[in-house]
Amino acid sequence: MSIKLFELLLQASIYTVTISVVSILIGFAIAILLSGMLLSGRGLFVRPAQIFISFFRGVPLLVQLLLIYNLLPGIGINVPSIVAAIIGLSLCTAAYQAENLRGGFASVPLGLVESAEMVGLTPRQTFRRIKVPIALRLTFPALVNEAILILKASSLVSVVGIVELTRMAQDLAGSTFLPLQLFASAGLIYLVINWLVALAGGLIESRLPGVPR
């Protein structure tokens, strides 16, 4: 396989990383909102959050992407394919991240919260200084794992017309008749990207405040 073909795969991997990172960040913001709704204890907020999470965890991502890609134009919202792909990935990862965060906040020792209240911290200060650091520490490995899963799942966005890494490998394999070399190279690129994410996640986790390991 020529260097030129490998360069094309590397260029396509930029779309893979970009779509994945943007989706993960947007999904995390949505997940914070969803986890807050779940922990609010109010049915008005809890039930919608549960329905959202059940839907996006229960329906295959491929179906979600196709549904969003075809639904938006049907209701008069015309967006580029990349936007539809990011929306689909963001909503899907938000459902999983919300459950991770909910579990993290629920695992914060009650004694620490009570101690914070006894020394005069306000609820907001307790949340920011006690709950958030500990919950983030507890859930960070799961959040990194979810990021890796989304990076791999981003290969599905090719169904809405995005030429990311997997789609580029498919297109090149069809024109060069070198499927083994191209898909092996694509797999290697995915492996390196995910290894870097895991490495970065480990370094960040080691510097997080909160409960020590």
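The model shown is predicted, which means the values in this text are computed figures rather than measured ones.

The rules behind these values
Here, residues in each chain are numbered from 1, in the same order as that chain's written sequence. Totals for whole chains, interfaces and linings use every residue, but because this is a predicted model, local features are given only for residues with pLDDT of at least 70 and side-chain atom pairs only at 80 or more, for both listing and counting. In computing side-chain values, all of the structure's heavy atoms are included and hydrogens and water are not. UniProt positions are given in the numbering used here, feature names are shortened, and annotations may be inferred rather than shown by experiment. Only runs of H or I of at least four residues qualify as helices and only runs of E of at least two qualify as strands under DSSP, and these elements are numbered from the N terminus. In the cavity and pocket records, a cavity denotes points on a 1 Å grid over the protein atoms alone where a 1.4 Å probe fits but cannot get out, a pocket denotes an open set with protein on both sides within 12 Å along at least 5 of 7 lines, and lining residues are residues with an atom within 4 Å of a point. Grid points are joined across faces, edges and corners, and a volume is the space filled by probe spheres set on the points. Polarity classes work like this: nonpolar for Ala, Val, Leu, Ile, Met, Phe, Trp, Tyr, Cys and Pro, charged for Asp, Glu, Lys and Arg, and polar for all others, with Gly in that last group. Working definition of a nonpolar core: buried Ala, Val, Leu, Ile, Met, Phe, Trp, Tyr and Cys residues. They are joined through side-chain atoms within 4.5 Å. Only protein chains enter the accessibility calculation, which uses a 1.4 Å probe; a residue is then buried when its area is under 20% of its type maximum, exposed when over 50%, and partly exposed in between. Contacts are assigned to residue pairs with any non-hydrogen atoms lying within 4.5 Å of each other.

Caption draft 1: Focus on the UniProt feature "transmembrane region" (unreviewed entry) in the chain. The UniProt record annotates "transmembrane region" (unreviewed entry) at residues 12-39, 51-69, 75-96 and 182-204. The span residues 182-204 is 100% helical and 0% strand by assignment, and the distance between its end C-alpha atoms comes to 33 Å.

Caption draft 2: Representation of the layout of surface pockets within the structure. When its volume is computed, the largest pocket comes out at roughly 410 Å³. Where the lining of the largest pocket is concerned, the elements lending two or more residues are α1 (3-39), α6 (123-153) and α8 (179-206). The class makeup of the residues in the lining of the largest pocket is 15 nonpolar, three polar and no charged. Counted as a void, the second largest pocket has a volume near 320 Å³. As for the second largest pocket, its lining consists of 13 residues, of which Ser35, Leu39, Phe105, Phe127 and Val132 are closest to the centre. Put simply, the parts of the chain that give the lining of the second largest pocket at least two residues each are α1, α4 (81-106) and α6. Residue composition of the lining of the second largest pocket, by class: 10 nonpolar, two polar and one charged.

Caption draft 3: Here's a closer look at the nonpolar core. If you look at the biggest cluster of nonpolar residues, it comprises 22 residues, and the most contacted ones within it are Leu34, Phe52 and Ile53. Sorting the residues of this core by element identifies α1, α2 (43-58), α3 (61-74), α4 and α6 as the ones contributing at least two each. Residue contributions to this core peak at seven residues, all from α4. Apart from residues lying up to four places away in sequence, Phe52 is in contact with Leu34, Leu91, Ala94 and Ala95.

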